[in-house]
Amino acid sequence: MLVLGALATFVFVFLPDQVVDPVAPTRPAAVVNGRPSAPPADSVAPFEAADLARARAEAEAKLAEFFALESQLKEQLNVTAWGADDLRRIKDRAGTGDQLFMEGRYQESLDEYAGAVEDMAALADKGRAQFRSALANGQAALAGLDHPGAVEAFETALAIRPNDRDATAGRDRASVLPEVVERLRQSERAVLRGEYAEADRYLSQVRALDPATVGLSERAAKVADARATQRRRATLSEGFAALERGEPETAIAAFDRVLKANPGDPDGLAGRQQANQARLLAEIDRLREAAEQQESEDQWSTALATYDAILDMDPSLRFARDGKARIAARVALIESMQTFIDDPGLLSDDDQFARAKKVLADAKANPAGGPLFETQLDDLNAVVERASTPVPLVIDSDNETEIMIQKIGTFGPFLRHELKLRPGRYVIIGSRDGYRDVRDEVILEADSEPVEIRCTEPI
């Protein structure tokens, strides 16, 4: 830049004073500070002097352009490291231009300077092209994990542009490439062994060394997929093994983990369905055992509810339908038995007595009734036996009251009347003209006391 400044000062300050006199003869130019200066100012024709001044100015301008390109090549492209021979040849051509300039042959020197500028520009283009090529080769070598190629390419690029950021970063990446390659190989070996966590660990080390490693994300994704596949297979195996052991809840938990990762997984869906069916069957088996236990313990109502719960799960189960029908009939039988046991007086009625005998017969025909059932059967049998043997019913009256026994008949006034009836409940009504009727309900048993029926309250 100092040279350019000095040259500019020379061109615009000193040059006008050096223009040759139009009438002076042309003489060889002098040399000032190592560069061509104005020739002696002998007198020449005015037009020729102006033309010479123009040619000289153009030559000096082209020379300044040459110096600028030379400075650019040295400062920006470090031309001495890769184009010293070309630079020397171009400078020699500029030197020829200098010689012509010193001889006052400005147009010819301008041509040489212009050629030297074109050559210098071409050399700059060549340097830039070599830099771009080296940078691209380095990136390609990095992508191909070619350590020697990457080092050579980035060193070439840095020889052209020593401080270039991309080339420096490429050289730094190339310096760790052997470690990157080794860890990538270790990761691949771990994948082949099925050690996906180890493979992932090596890829993490690569990421720490050079996060821009080509294909690193794809490798990590493949390892992640392989790990997911491995987990899926292991979880499916866990689920089916639990099914074989008869542990449907454990199996369902395993298949649910598979379906959480992939809701449409066909094996997970099939396993979940099998596990649900196994759980249902296990629950049905459990309830069946409970119902049978409840029957054996005379828990008839509870057993009936259990069979209902089983049928809610699967209405087609025959054992549950049969069990419900059996228990329902037994519960009805037990309730009927208990009705007559609790109120033997009902047996005084012929229809009820016939029904009690039918219930007794049905109970005797019902096997495996359980202890409570057997006790009820004995009690009902005793009740029916007692009701089957008539006992005396003695009625005392006043020989004025008319006596009627419901469902038995009407008897005229008497003082005492005795008849044989089945033990049970009887309603005796006394009536007498002018007196309020009397009504008495008695439970007739073998040792019952006489019953007194008289109408004594006048109306």
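So, a few notes on the structure that sits alongside this text. Keep in mind that what you see is a predicted model, and the values were worked out from it rather than measured.

Overview of the overall build of the chain
So, point 1. The helix and strand tally for the chain stands at 15 helices and eleven strands.
So, point 2. Among the 459 residues that make up the chain, the fraction classed as buried is 37%.
So, point 3. Once local pairs closer than 6 in sequence are excluded, the contacts in the chain between residues at least 24 apart make up 52%.
So, point 4. When the accessible area of the chain is evaluated, it comes to approximately 25,400 Å², of which 52% is carbon and sulfur surface.

Side note on the sheet that holds strand β9 (residues 424-432)
So, point 1. An order of β7-β6-β9-β10 is seen for the four strands of this open sheet, with the pairing classed as antiparallel. With partners counted over all chains shown, the strands left at the sheet margins are β7 (409-411) and β10 (435-444), one partner each. Geometrically, the sheet is characterised by an average inter-axis angle of 20° between neighbouring strands, direction not taken into account.
So, point 2. Two strands pair when backbone bridges link them, and strand β6 (residues 402-405) and β9 are joined in this way by four bridges, in the antiparallel orientation. Pairing of Glu-402 across the sheet is with Ser-431, part of β9.

Let's talk about the packing of helix α11 (residues 266-296) against helix α12 (residues 300-313)
Between two packed helices, the angle of one axis relative to the other and the distance separating the axes together describe the packing.
So, point 1. At a closest axis distance of 8 Å, the pairing of α11 and α12 adopts a crossing angle of 160°. With respect to each other, α11 and α12 are oriented roughly antiparallel. For the element pair α11 and α12, the recorded crossing hand is left-handed. Judged by residue contacts, Leu-280, Glu-283, Ile-284, Leu-287, Arg-288, Ala-291, Glu-292, Gln-294 and Glu-295 of α11 engage Trp-300, Thr-302, Ala-303, Thr-306, Tyr-307, Ala-309, Ile-310 and Met-313 from α12.
So, point 2. Classifying every residue of the contact of α11 with α12 by side-chain character gives ten nonpolar, three polar and four charged.

Overview of the environment of Ile-252
So, point 1. For Ile-252, the location among the structural elements is in helix α10 (residues 248-261).
So, point 2. For the pair formed by Ile-252 and Gly-271, sequence separation is 19 residues and the distance between their alpha carbons is 7.9 Å.
So, point 3. Setting aside its immediate chain neighbours within four residues, Ile-252 contacts Arg-272, Ala-275, Asn-276 and Arg-279.

Points about the sheet that holds strand β5 (residues 391-396)
So, point 1. Ordered by their spatial adjacency, three strands build an open sheet running β8-β5-β11, and the pairing between neighbours is mixed. A single partner strand is all that each edge strand has here, and the edge strands are β8 (416-421) and β11 (451-452).
So, point 2. Relative to β8, β5 runs antiparallel, the two sharing six bridges. Residue pairing across strands places Ile-395 opposite His-417, the latter belonging to β8.

Digging into unusual backbone geometry
Among all residues save glycine, negative phi is the norm, and among peptide bonds the norm is trans.
So, point 1. Unusually for a residue other than glycine, Asn-78 sits at a positive phi of about 45°.
So, point 2. Along the chain, Asn-78 falls in the loop between α2 (46-76) and α3 (84-102).
So, point 3. Its relative accessible area of 23% is what places Asn-78 among the partly exposed residues.
So, point 4. In this model, Lys-407 sits at a positive phi of 65°, which is unusual for a non-glycine residue.
So, point 5. Topologically, Lys-407 is positioned in the loop between β6 and β7.

A closer look at the nonpolar core
So, point 1. Counting 48 residues, the largest nonpolar core has Phe-66, Leu-73, Trp-82, Met-120, Leu-123 and Ala-150 as the members making the most contacts within it.
So, point 2. Sort the elements by how many residues they give to this core and helix α4 (residues 106-143) lands first, with 13 residues.
So, point 3. Setting aside its immediate chain neighbours within four residues, Phe-66 contacts Ile-90, Lys-91, Ala-94, Ala-116, Val-117 and Met-120.
So, point 4. Formed by 29 residues, the second largest nonpolar core is a distinct cluster that contains Ala-291, Ile-310, Ile-327 and Phe-340.

Let's talk about the packing of aromatic side chains
One pair of aromatic rings is described through two measures. These are the centre distance and the angle between the planes.
So, point 1. Evaluated as defined, the whole model comprises two aromatic pairs.
So, point 2. Relative to Phe-255, the ring of Phe-240 has its centre 4.9 Å away and its plane inclined at 65°; by these criteria the two rings are edge-to-face. One end of the pair, Phe-240, is in helix α9 (residues 216-244); the other, Phe-255, is in helix α10, with 15 residues separating them in the sequence.
So, point 3. The class for Phe-240 is partly exposed, based on a relative accessible area of 31%.
So, point 4. Here the guanidinium or amino end of Arg-288 rests over the ring plane of Phe-319, the centre of that ring lying 4.0 Å away.
So, point 5. It is Arg-330 that lies over the ring of Phe-373; its NZ or CZ is 5.9 Å from the centre.

Structural notes on helix α7 (residues 177-192)
So, point 1. For α7, built from 16 residues, the straight-helix expectation of 22 Å at 1.5 Å per residue is met to within 8% by its first-to-last C-alpha distance of 23 Å.
So, point 2. In this structure, the buried residues of α7 make contact with α4, α5 (147-160), α6 (165-175), α8 (196-209) and α9.

Parameters at a glance
Chains are numbered independently. Their residues run from 1 in the order of the written sequence. With pLDDT at 70 or above as the cut-off, local features in this predicted model cover only qualifying residues; side-chain atom pairs require 80 or more to be listed or tallied, and sums for whole chains, interfaces and linings still use all residues. To obtain the side-chain values, all non-hydrogen atoms of the structure were included, while hydrogens and water were left out. Only DSSP runs of H or I with at least four residues qualify as helices, and only runs of E with at least two residues qualify as strands; both kinds are numbered from the N terminus onward. To sort residues, take the accessible area from a 1.4 Å probe on protein chains only and compare it with the maximum for the residue type: under 20% means buried, over 50% means exposed, and anything in between is partly exposed. Two residues qualify as a contact provided that any one of their heavy atoms is within 4.5 Å of a heavy atom in the partner residue. Only the protein chains shown count as cover for residues, and all accessible areas are computed by the Shrake-Rupley method using a 1.4 Å probe. At least two bridges found by DSSP between two strands is the condition for calling them paired. With axes taken as lines fitted to C-alpha atoms, and helix axes fitted only over the stretch in contact, angles between N-to-C directions fall between 0 and 180 degrees. Orientation categories follow fixed angle ranges, with anything under 35 degrees roughly parallel, anything over 145 roughly antiparallel, 65 to 115 roughly perpendicular, and all other angles oblique. By convention, the crossing between two helices is left-handed when the near helix turns anticlockwise from the far helix through less than a right angle, and right-handed when the turn is clockwise. Nonpolar residues are Ala, Val, Leu, Ile, Met, Phe, Trp, Tyr, Cys and Pro. Charged residues are Asp, Glu, Lys and Arg, and all others, Gly as well, are polar. Side-chain atoms within 4.5 Å are what join buried Ala, Val, Leu, Ile, Met, Phe, Trp, Tyr and Cys residues into a set we call a nonpolar core. Between 30 and 60 degrees the pair is tilted, below 30 it is stacked and above 60 it is edge-to-face, where a pair is any two Phe, Tyr or Trp rings, Trp via its six-membered ring, whose centres lie within 6.5 Å. Only Lys NZ and Arg CZ are tested; either one counts as a charge over a ring when it is within 6 Å of the ring centre and within 35 degrees of the ring normal. Here a helix's expected span is defined as the number of its residues, less one, multiplied by 1.5 Å.

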